[in-house]
Amino acid sequence: VQFLYGEDGVDVMKSSFMEKVTELAQNAKALEHNYKALADNSQVNSILAEAYMVLRQKLLELAQACRALRAEIPDTVAVKKAIAKASKGSKSARPQAVAAVTLLTASRDALTKLRVAINKSGRHLVPMELDALVKNCDRAQAQLEDPGCGWINGVEMDPVQSLLHPGRFMGSTSEVFRDRLDQFLADPNGKTALKASGCSEKQFRRIMTARFVGALADAGEAVGVIAAQGMGEPSTQMTLNTFHLAGHGGANVTLGIPRLREIVQTASVNISSPIMHIPIQERGTKSDTLACATKLATKFASVSLKDLVKKVAVHETILHNHGQNVRSYDVEIEFVPISSIVQKFGKLSFKTIKEFMDKRFCKLLESELNKLTKSMLTARGTFHARDTRAIKETIPAEDDVEGDAEAAAAAAGDDDQEEGEGKKGGEESEPSSDGEAASEAEEEQKHLRKQEARTGEADAPAQQGDPETSDDDVDAEGKQKGGKQEPEEEETLKVLHIEEADVSGRTTVAAGELKGNTYRTKGITLFVSKCPRKLLLLDLVSSICGRIKLQEIPGVKIAHVQEKGNEGEAKRIIIETEGRNLGAVWELDPEEVDHNTFYTNDIAQMLDRYGVEACRASIIAEIQNVFGHYGISVDRRHLSLIADSMTQQGGFNAFNRTGIQFHASPILKMSFETCTQFLNQACQQATPDDLQSPAAAIVFGKHVNLGTGAFDLVQDLPKLNTQAKKMQFNFS
C-alpha cells in the first residue's frame, strides 16, 4: 500500500526516542559514532539528499520573501518592476525585493550543486529515481529562469522522501522531523545544550540524521497487524453509544463505537450526524469577522413559519346558504414585527412573506382541509334506517365507527330477513342482476338527495319561507302531526349511501391579505353535509405553521458561530452546521469564506467532491477526533496505513466482506467471511493464489513472508570448506 510505512518509514516503537532532542543533544558526542558508521557504508549515499534539501530550503525562503514583497505591493506588475530594479543593483530598491533577488541567486546555485550531486550519485540511483530527480530539477530551473518572474508565486518541488529512500540516502528525512530539528536549533536552550556537549550545529544535524535512519521500520515488519492492534485495543476503552454536543451551542455529533463503525466497518455514505466547518476570512478586527460570520449563519438557518408567528386565531361563523348550513372560518396569523424579520433574514421581505402565505400556506391548508373532510365522510360510511329520521341523526365520532359498522351489519341482517319473509309461498328470492343492483343504487341516491334537500329546508325555514318543521313533528311512522303523510316511496327507504360527489368535493382556500403584521384568509366555507362536525382548525393551522419553512437549505438543520483551532494554532472563527450541503457552501463569496480550509465529517462527500486524497485525509482526521474525545492518542502512522488500505482502489472501502472482495488472494477472502461465496467466485473465474498473503500461507502450512520469514540466509559452502581446518585424529 505504501512505499514508506506511516509516510516517513519510522517504526512507531522507535519514534519516541527521536522526539527527545534535548537529551540527544546532551549526549551528542557519544552518538557521533552512529553517523560515522553510516557515512563509511558504501551502500549509503550521503550527499544527494542533503543537496536536494538545501535547494528545497532555499526555495521555501524565496517564497516567503516574495510573499512579504507582495504584502507591501499588491500589484503584480509593480512587484516585477521592484525585482527588476533590485536585480540592477539600484540603491533605491526595496529591501524585500533585494532579499528576493539574493535568494533567487542562491537557489540557482543550489540547483547547480544538486545536478553535480546527481552526476556523482549515478550508481546509487535506479532509473525511476534518476528520472524523478531530473524532472524536478528541470521544472525548478524553468521557473527560476522565467523572464516573466513566474517564481514569485513559488517554486514547487516534491518532498525528498518521495524521491529518495531514507534507507539508502542519508538526509532523506521527513519534513516534520526537519522542522522539529530546526526549531530546536533556533531555541536558545538548544544552543546552550549543544555548546555544553561541545558539538557543532552541523555535526548535530548529521547525528540526528543517522538517528532517523536507525529508527526506520525493519524490512518484513508486520506493520498491518501492529496498526490493527494500535487502533483496536484503545477502542475497547470507549463507550458503546455516545452523542456529544461539539462545544457550546454546537452541533450534535456521533462519537464512540457508533462513529468508529461508520468509518471503518461500514464506510457509511449516509452518516447519522453530518456537520460542516466553514471558516470565515479574517477581517480588519475580530468583531468584524464575527459580524460577518453571524450574517452568513442566518443563510443556513432553517426558518419555519412557527418561528415568525406571534399569535394564531380562528374565527368560526354558522351561515345559511341556499337552504344549507355552512361553516365559515377566518384564519388570522399575527407575525412578529416584519421589519425585524427583514433585518435578521436578508432574503425575507414583506412581498416574499405575502407570496409564501398565498402559495404555500393557503394551498397546504386547503389540502389538509380536504383530507380531513374526506376522512370524516369516509368514516361516516353507510347508514341504515327505517324512516326519514336517520337523515337528521348526528354523525358519530371517529372512535364509534367500529360500533356503527357492527350495528349496520345487524340492521342489514334484519332487512334481509324481512325481505325473505315477504316472499310469496315461502319461495327463496333470486339474486338480482347487475343492472337491477345499479338501478337500486341510483334510486337510493335520489332518495338521499330529496331527504337532504328537505333537511336543509327544515334547518333554514326563514330563508325558504316554508313553515318550520321540527324533528318532533315527525312520528315513528314517518307521518306529520298535521295528518299529512310522506310519500309511499320514502316509507320503504332502507339503505342510504353518501353521494360520491360529497366524498370527492373540494374546499377552496383563497389567497388572503397581509396588513401590517397580520395575515388574514378570506372566509373558508364548509357545508355541514360535507363537514358534519366542528373542526379544530386552530390545531391544524398550528401544525402547518410548524411544518412549512420560509427559509431552508436542504440537508442543513441549524448553524452556529464558533471559534475553534487545533492545538498550537491560533483559533479561527467558523460556522458549524448540523447537516451538510456542499453545493450551498460553494456558492458563498470567496471573500467571506475560506474555501481552501472547508471541512465536513462526511467522508463519502469529501471523496465525491474533492477526490481520494482528501478522502484519505478525512479518514485519518475523523478517527483521531473519535479517539481524541476520550483522551486516547493513536499514532498517526497506524491511521495513515489504515486510510491507505481503505482508499487504495480509488474509493472508500470498508473493512468488511464488501471491501475485501477487491483483494487479490481468494484464500484470504474465504478465511474472512462467506467462504462458500468467495470459493464459488474463485472457481468460476479461475482466480489463482500465489500464497503471498499471511492467511493463504497459514492455510497451506507455508512460512509467512513476514518478519524473519521475509528473507533467507545464503552461505557460500565451497569457500567455507576451504577455510575450515582439516580435522586431525591421534590414536596413540
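A brief structural summary.

The rules behind these values
Residues numbered from 1 in each chain as written. Predicted model: local features only at pLDDT ≥ 70, side-chain atom pairs only at ≥ 80, totals over all residues. Heavy atoms only, no water. Helix = DSSP H or I, 4+ residues; strand = E, 2+ residues; numbered from the N terminus. Buried < 20%, exposed > 50% of the residue type's maximum accessible area, 1.4 Å probe, protein only. Contact = heavy atoms within 4.5 Å. Areas by Shrake-Rupley, 256 points an atom, 1.4 Å probe, with all protein chains shown as cover. Core = buried A, V, L, I, M, F, W, Y, C linked by side-chain atoms within 4.5 Å. Arc of directions from axis to C-beta. Polar contact = N/O pair within 3.5 Å; in protein donor to acceptor, adjacent residues only side chain to side chain. Axes fitted to C-alpha atoms, helices over the stretch in contact; angles between N-to-C directions. Parallel < 35°, antiparallel > 145°, perpendicular 65-115°, else oblique. Left-handed = near helix turned anticlockwise from the far one by under 90°. Nonpolar A, V, L, I, M, F, W, Y, C, P; charged D, E, K, R; others polar. Pairing = 2+ DSSP bridges.

**Description of the overall build of the protein**
Scanning the protein for helices and strands turns up 30 helices and 15 strands. The buried share of the protein, reckoned over its 732 residues, is 38%. A separation threshold of at least 6 residues defines the contact pool for the protein, and within that pool the share at least 24 residues apart is 71%. Within the structure as shown, the protein displays about 42600 Å² of accessible surface, and the carbon and sulfur contribution to it stands at 52%.

**Here's the deal with the nonpolar core**
Of all hydrophobic cores here, the largest spans 41 residues; its most connected members are Leu 48, Leu 62, Leu 114, Leu 133, Leu 144, Trp 151 and Leu 164. A total of 11 residues in this core trace back to one element, the largest contributor, which is helix α4 (residues 48-72). Those residues in contact with Leu 62 that sit more than four places away from it in its chain are Ala 100, Leu 103, Leu 104, Ser 107, Leu 144 and Trp 151. Counting 34 residues, the second-largest nonpolar core is a separate cluster that includes Leu 305, Ile 338, Leu 348 and Leu 365.

**Side note on helix α24 (residues 603-610)**
Three or more residues of α24 are buried, namely Ile 603, Ala 604 and Met 606. End-on view of α24: buried residues confined to an arc of 160 degrees, all on one side of the axis. Tucked into the core, α24 has its buried residues touching α12 (256-265), β15 (599-600) and α25 (612-628). N-cap assignment for α24: the residue whose side-chain oxygen lies 3.3 Å from the backbone N of Ala 604 is Asp 602.

**A closer look at the packing of helix α1 (residues 12-19) against helix α10 (residues 201-214)**
For the pair α1 and α10, interaxial distance at closest approach is 9 Å and the crossing angle is 165 degrees. One element, α1, and the other, α10, form an angle in the roughly antiparallel class. The way α1 lies across α10 gives a crossing that is right-handed. Across from Lys 14, Phe 17 and Met 18 in α1, the residues of α10 making contact are Met 208, Arg 211, Phe 212 and Gly 214. Residues that form the contact of α1 with α10 fall into these classes: four nonpolar, one polar and two charged.

**Some words on unusual backbone geometry**
In this model, Thr 674 sits at a positive phi of 45 degrees, which is unusual for a non-glycine residue. You can call Thr 674 partly exposed: its relative accessible area is 29%. Here the phi dihedral of Leu 691 falls at roughly 60 degrees; this positive angle occurs in a residue that is not glycine. Here Leu 691 is to be found in the loop between α28 (675-685) and α29 (694-699).

**Looking at the pairing of strand β6 (residues 324-335)**
Successive residues of a regular strand alternate their side chains across the two faces of the sheet. Within β6, nine of the 12 residues are buried, which leaves it mostly tucked inside the rest of the structure. Examined bridge by bridge, β6 and strand β10 (residues 518-520) share three bridges and lie antiparallel to one another. The residue of β10 that forms the bridge with Ile 333 is Tyr 519.

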